[in-house]
Amino acid sequence: MLTSVVGYPRIGENRELKFASEKYFKGEIDAAELENVAKSLRAEHIRSQKEAGVDFIPSNDFSFYDCLLDTAVLCGIVPKRYKELGLSELDTYFAMARGYQGEKGDVKALAMKKWFNTNYHYIVPEIEDETEVKLSGSRIFDEYDEAKDCGTETKPVIIGAYTLLALCRYTGTKTREDYIDAVIGTYKSIIEGLAERGDEWIQFEEPSLVRDLDENDKAFLVRLYQGILAGKGNVKILLQTYYGDVRDVYDTITTLPFDGIGLDFIEGKETLDLIEKNGFPEDKVLFAGLVNGKNIWRNRYTKTLNTIALLRGKGIDVVLSTSCSLLHVPYTLAGEEKLSAEHKKYLAFAKEKLVELSEIAKLADAPDSEASTAYEENEKLFSSKRDCDNEEVQKRIAEIKDADYVRNPERKEREQIQKDTIKLPLFPTTTIGSFPQTKDVKKNRADFRKGEISEEQYKQFNKEKIERVIRWQESIGIDVLVHGEYERNDMVEYFGESLDGYLFTERAWVQSYGTRCLKPPIIWGDISRKKPITVEWSVYAQSLSDKPVKGMLTGPVTIFNWSFPREDISIKESMTQIALAIRDEVLDLETNGIRVIQIDEAALREKLPLRKSDWYSEYLDFAIPAFRLVHSGVRPETQIHTHMCYSEFTDIIPAIDNMDADVITFEASRSDLLILDSLKECNFETEVGPGVYDIHSPRVPSVDEIVTALRKMRTRIEDKKLWVNPDCGLKTRGEEETKQSLINLVQAAQIIRNEA
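Quick summary incoming for the structure in this document. As the structure is a computational prediction, the values presented were derived from the model and not from experiment.

1. Quick word on the pattern of salt bridges
Counting across every chain of the model gives 67 salt bridges. When the shortest N-O distance is used, the salt bridge between Arg42 and Glu143 registers 3.7 Å. Remark: Glu143 occurs in helix 6 (residues 139–149) and Arg42 occurs in helix 2 (residues 31–51); sequence separation between them is 101 residues. One salt bridge connects Arg699 with Glu705, and the closest N-O pair in it is separated by 3.0 Å. Using a relative accessible area of 10% as the deciding quantity, one classes Arg699 as buried. Residues joined by salt bridges that share partners form a network here, namely Arg407, Arg411, Arg414, Asp657, Asp660, Asp662 and Glu685.

This is the structure:
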């Protein structure tokens, strides 16, 4: 049996790409040095897969920032404002991803959104009416040649034409229909260029096919690929899907002249049923996604082998594959020295999943092969019971009542009570929570973890930082303050460390976007709060000011979604356990005098099922109540905030309002505040702060720019409900740019108050 990997983590085992890119941004290395780091990473990624015996090794799955942005640039989809900067090809690319502010101009970055149902962010390509779509680069060819020169035949991969056009933002009057011929020509050129180099297989990735599609979508898909695949010659084309099943287009894609079809058997609820009901074409190869590319638990070999046997029994030519790119899991377990052997044996990161592919393939062909020992060990692992249950937690879950999900009195009455007690001005200003995590902050935390400083020294450093940032916020006139979160390593890991039931890693980094990497904790067992988490820091910060200082928490949905979840209990049960733990923290903060509490739900949208029919029954019907459970016990005078990161919120606005928070802040600036229309149309009741500037870019917004954004907001949001804040936390930004940006924000708010 042959094996295939959809894509491989590109950041490197020790985040080499992140650090090299950041050095390049600072001018500490040049483009040639950055390219050398990238080349060495690509070589190592291919070497790892080759040594594991992977047959279909991807190339062009590497990216300096984002693969969809790479595809857009390859196809010439570069907005005019970036071309006019006159930068190098690489710097133009980074300007699209990060924005640019310098001697050659000042432009914002392109919009950024969550990639389907993952925690990865993609850059939204932008097509102008005058955009000429055509092959405009050579990276896909260069990386294929690079691997071939080193003796490895790869499977070049690229985001498919349908998904590219589906995710683009059209800024003029044209639609995807107007670009179909140009896109067909571009993808045909890609096929031809790879064919000339002797390539055998090309992987077109089409995750958009697992969404809800209508007859127009199917007709467009057929036109697109009939054109692209016409005259493809001897090159074989793999249509690779992931993150769900293709129920709406299964009959369509199986009749198109693809040579292989990649289907997800992990998240694709109906994938196996589709094959059993409709069969699978004899002239195509099935790339069966049976090794989970999104979670870190070991594969159960018996279950996978049974599925393979069933498929082969139908006469299907099967290649064993990952369910999606391994981009979503950490690089390797090898460096995890603090995880016990007992814990490790249940886990598989990217490199370990390569071993699983090899062992399963050998077992599928010859059950009595040298892999039989691995099979026996795998069966023993899954037949034994993990130590992960907590009777007290399970009892508490069983005792939850319907009334525990309801906060009294109703929001309108609370709104007036809070205005009378907190006494904020019109258009109150605040930030989302974190302030820059400078080198000294990181060193203080690292020194404490290594035992090089005492707990007293660690805390004293943080208290000095907190006092400084409180005084600075007061000095520029911010209305609702934050303490800066200097004690926190990560908005999920920090909380998980005070919860029973979690495991933590040392080097299990996963890319979130660009150079931003997260280290998701692992939900090992039942969750409960073992001690107060934020109370000491919040109480200290509030003691320094008469202005309200927000207590800062991460909500249960985000903690769950940004962790690697259990697979032995339901999402609902796991999320509810976390909600009860955070509820305890909320009530402790209130008891200790914190008047404003922000419960971040940055990741609410990202795990929403990709099909609308599943939104409520499989997610919102328990995710929204989990949030309500966290704050339903507080007094009406306590103001509850929440925050949400880049995503598409317009279709779930009523559900967000139903969270029953008092104030919600959105990341919105990169999407040109498009969410405002949806808020108005849905009569959104919650007070709201759409981000007035983008914190993922180093550029400083001007006062006029923020004033313009606020004026636009006022046309759709009542003055009494509008807050003024950045897009997100300021953790990753530099101190000087942060200070100037917030000074400009406060000045803009004052101008708008004078106009009201």
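Let us keep going from here.
2. Looking at unusual backbone geometry
Cis geometry is adopted by the peptide bond preceding Pro409, which originates at Asn408 and carries an omega value of -5°. For Pro409, the position within the fold is in the loop between helix 16 (391–398) and helix 17 (411–422).

3. Regarding the packing of helix 6 against helix 8 (residues 180–196)
Their axes nearest at 10 Å, the elements helix 6 and helix 8 cross at an angle of 20°. Taken together, the axes of helix 6 and helix 8 are roughly parallel relative to one another. Where helix 6 crosses over helix 8, the handedness of that crossing is right-handed. Seen from helix 6, the contacting residues are Ile140, Phe141 and Tyr144; seen from helix 8, they are Ser189, Ile190, Gly193 and Leu194.

4. Re the packing of aromatic side chains
For the structure shown, the criterion picks out 27 aromatic pairs. With 4.9 Å between their ring centres and 85° between their planes, Phe25 and Phe94 make a pair best called edge-to-face. Residue Phe25 is found in helix 1 (residues 16–25), and its partner Phe94 is found in helix 5 (residues 89–98); the two are separated by 69 residues along the sequence. Each ring, one from Tyr494 and one from Phe495, has its centre 5.5 Å from the other, and the planes form 90°; the classification is edge-to-face. With relative accessibility at 0%, the residue Phe495 sits in the buried group. In textbook terms, an aromatic cluster arises when at least three aromatic residues are bridged by ring pairs, as seen for Tyr24, Phe25, Phe62, Phe64, Tyr93 and Phe94. The residue whose ring lies beneath Arg42 is Phe62, and the NZ or CZ to ring-centre distance is 5.0 Å. Over the ring of Tyr486 we find Lys465, and its NZ or CZ is 6.0 Å from the ring centre.

5. Focus: the packing of helix 8 against helix 9 (residues 215–229)
Packing of helix 8 against helix 9 brings their axes to within 8 Å, and their N-to-C directions diverge by 40°. Overall, the two elements helix 8 and helix 9 adopt an arrangement that is oblique. For the element pair helix 8 and helix 9, the recorded crossing hand is right-handed. In this structure, helix 8 uses Ile180, Val183, Ile184, Tyr187, Lys188 and Ile191 to contact helix 9, whose residues at the interface are Phe220, Arg223, Leu224, Gly227 and Ile228. For the contact of helix 8 with helix 9, the residue count by class is 8 nonpolar, 1 polar and 2 charged.

6. Some words on helix 9
With 15 residues, helix 9 extends 21 Å between its outermost C-alpha atoms, agreeing within 8% with the 21 Å of an ideal straight helix rising 1.5 Å per residue. Residues of helix 9 that are buried include every one of Asp217, Lys218, Phe220, Leu221, Leu224, Tyr225, Gly227, Ile228 and Leu229, and no others. Its side-chain oxygen placed 3.1 Å from the backbone nitrogen of Asn216, Asp214 serves as the N-cap of helix 9. Of the residues flanking the end of helix 9, it is Gly231, one or two places downstream, whose phi is positive at about 70°.

Reading the values: the criteria
Residues numbered from 1 in each chain as written. Predicted model: local features only at pLDDT ≥ 70, side-chain atom pairs only at ≥ 80, totals over all residues. Heavy atoms only, no water. Salt bridge = Lys/Arg side-chain N within 4 Å of Asp/Glu carboxyl O. Helix = DSSP H or I, 4+ residues; strand = E, 2+ residues; numbered from the N terminus. Buried < 20%, exposed > 50% of the residue type's maximum accessible area, 1.4 Å probe, protein only. Axes fitted to C-alpha atoms, helices over the stretch in contact; angles between N-to-C directions. Parallel < 35°, antiparallel > 145°, perpendicular 65-115°, else oblique. Left-handed = near helix turned anticlockwise from the far one by under 90°. Contact = heavy atoms within 4.5 Å. Phe/Tyr/Trp six-rings, centres within 6.5 Å; stacked < 30°, edge-to-face > 60°. Lys NZ or Arg CZ within 6 Å of the ring centre and 35° of its normal. Nonpolar A, V, L, I, M, F, W, Y, C, P; charged D, E, K, R; others polar. Expected span 1.5 Å × (residues − 1). Polar contact = N/O pair within 3.5 Å; in protein donor to acceptor, adjacent residues only side chain to side chain.

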